[in-house]
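# Examining the three-dimensional arrangement
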Amino acid sequence: LTLKFDSLDDTEKLDFIAKSQANCLRLDSMINELFELARLDNNQVSLNSQSFSIEDSLSDLYASLEGIAQKKHIQLNVQFDVENSSVNGDIAKLERVIQNLVENAIHYTPNKGTVTISANNIPENNAPTNTNSIRIAISDTGQGISEEDLPYIFEPYYRSENALEPYQKGTGLGLAICQRLLALHDIKLSVDSTLNQGTCFFFDIPMEAEA
């Protein structure tokens, strides 16, 4: 834009400006994620835990993400089937994890596919913490992840061999950050995936005991 300014028409100038803005936003996002990952790895992030309704949280996230799904002609669903939706944790960090996983699912799912956010009760005898828990799952009908890639997807900067070309420009830090944010809550992020069929990321949040 600087070198050719006088020879460009207004449309071309606006195109250069738009590309510059897009790259600045991407660079800003990358820098923020690098700093966030460094703080997480150096135990410089603390939790602000509180009691909240996971049902209300998922409803708010659905409202904020539905537009992103619609632009790509993706069907975004929420399935909620729990008796008590009260959990304890850092709501901002947990919502950040779910939002990141849903956005990833939308990106890696082809047009007219489906992304589902679900919440279901996990009986005490099946829960990893031996308490009644709620399983949050984000599943999609996207391209899936190969068995060879699955062991490495939570490593920073790792990209699977079958990653779609339009999404090669990300930082490769999103899943690593999600895993670490959940680890602060002593929660494990798990994944099931079948190549060319879809992927499901899930984690269990202990329910608050009813008074």
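Next up on the list: the pattern of salt bridges. In total, this model carries five salt bridges according to the counting rule given. Among the ionic pairs, Lys19 bridges to Asp15, the shortest N-O distance being 3.3 Å. Taken together, the residues span about one helical turn, with Lys19 and Asp15 both in helix H1 (residues 10–41) at a distance of four residues. On the accessibility criterion, Lys19 (46% relative accessible area) is partly exposed. Of the charged contacts, one joins Arg96 and Glu36 as a salt bridge, the two residues approaching to 2.7 Å between their closest N and O atoms. Taken together, the residues Arg96 in helix H3 (residues 91–107) and Glu36 in helix H1 connect sequence positions 60 residues apart. Among the residues examined, Arg96 registers a relative accessible area of 30% and is labelled partly exposed.

Moving on to the confidence of the model for the protein chain. Detailed reading of predicted coordinates is not advised where the pLDDT is low. In this model, the protein chain carries a mean pLDDT of 87, and residues with pLDDT of at least 70 account for 89%. Here H1 stands out as the least confident element of the protein chain, with mean pLDDT 86; strand E5 (residues 133–140) is the most confident, with 96.

All right, on to the environment of Glu155 then. Mapping Glu155 onto the fold places it in the loop between E5 and helix H4 (174–183). With 21 residues separating them in the primary sequence, Glu155 and Ala176 have C-alpha atoms 5.8 Å apart. Residues within four places of Glu155 in sequence aside, it is in contact with Gly172 and Ala176.

The subject of this paragraph is the sheet that holds strand E7 (residues 198–206). Spatial ordering of the open sheet is given by E2-E4-E5-E7-E6, a layout of five strands whose pairing is mixed. Whereas interior strands pair on both sides, the edge strands pair on one side only; in this sheet they are strand E2 (75–81) and strand E6 (190–194). Averaged over all adjacent pairs, the angle separating strand axes in this sheet is 15°, with direction ignored. Here eight bridges tie strand E4 (residues 114–122) to E5, and the two strands are oriented antiparallel to one another. Bridge pairing in E5 places Asn121 opposite Ile134.

Here helix H2 (residues 54–71) contains 18 residues, and its C-alpha end-to-end distance of 26 Å stays within 8% of the 26 Å for a straight helix at 1.5 Å per residue. Of all the bends found along H2, the most pronounced is centred on Leu65 and spans about 40°. Among the residues of H2, Ile54, Ser57, Leu58, Leu61, Leu65 and Ala69 are the ones counted as buried. Phi turns positive, to about 60°, at His73, one or two residues after H2.

Among the nine residues that make up E7, seven are buried, leaving the element largely enclosed by the rest of the structure. Bridge count for E5 against E7 is seven bridges, and the pairing is antiparallel. The residue of E7 that forms the bridge with Ser133 is Pro206. Relative to E7, E6 is paired through five bridges, and the arrangement is antiparallel. When the sheet's bridge partners are listed, Asp192 is paired in E7 with Cys200. Once E6 ends, the chain turns through three residues before running back antiparallel as E7, passing Asn196 with a positive phi of about 70°.

In terms of nonpolar packing, the biggest core is built from 42 residues, with Leu101, Val102, Ile136, Phe201 and Phe203 touching the most fellow members. At seven residues, H3 tops the list of elements feeding residues into this core.

What follows is about the side chain of Lys72. Along the chain, the position of Lys72 falls in the loop between H2 and E2. There is a polar contact of 2.9 Å between the side chain of Lys72 and the backbone oxygen of Ile106. Among the polar contacts made by the side chain of Lys72, one reaches the main-chain carbonyl oxygen of Thr109 at a distance of 2.5 Å.

Looking at where Lys93 falls in the secondary structure, it is placed in helix H3. For Lys93, a relative accessible area of 18% translates into the label buried. Reaching out from Lys93, the side chain makes a polar contact with the backbone oxygen of Ser46 at a distance of 3.3 Å. What Lys93 contacts, discounting residues up to four positions off in sequence, is Val45, Ser46, Leu47, Leu181, Leu184 and His185.

Conventions used here
Residues numbered from 1 in each chain as written. Predicted model: local features only at pLDDT ≥ 70, side-chain atom pairs only at ≥ 80, totals over all residues. Heavy atoms only, no water. Salt bridge = Lys/Arg side-chain N within 4 Å of Asp/Glu carboxyl O. Helix = DSSP H or I, 4+ residues; strand = E, 2+ residues; numbered from the N terminus. Buried < 20%, exposed > 50% of the residue type's maximum accessible area, 1.4 Å probe, protein only. pLDDT = per-residue confidence, 0-100. Contact = heavy atoms within 4.5 Å. Pairing = 2+ DSSP bridges. Axes fitted to C-alpha atoms, helices over the stretch in contact; angles between N-to-C directions. Expected span 1.5 Å × (residues − 1). Bend = angle between axes of the 7 residues up to and from the residue. Core = buried A, V, L, I, M, F, W, Y, C linked by side-chain atoms within 4.5 Å. Polar contact = N/O pair within 3.5 Å; in protein donor to acceptor, adjacent residues only side chain to side chain.

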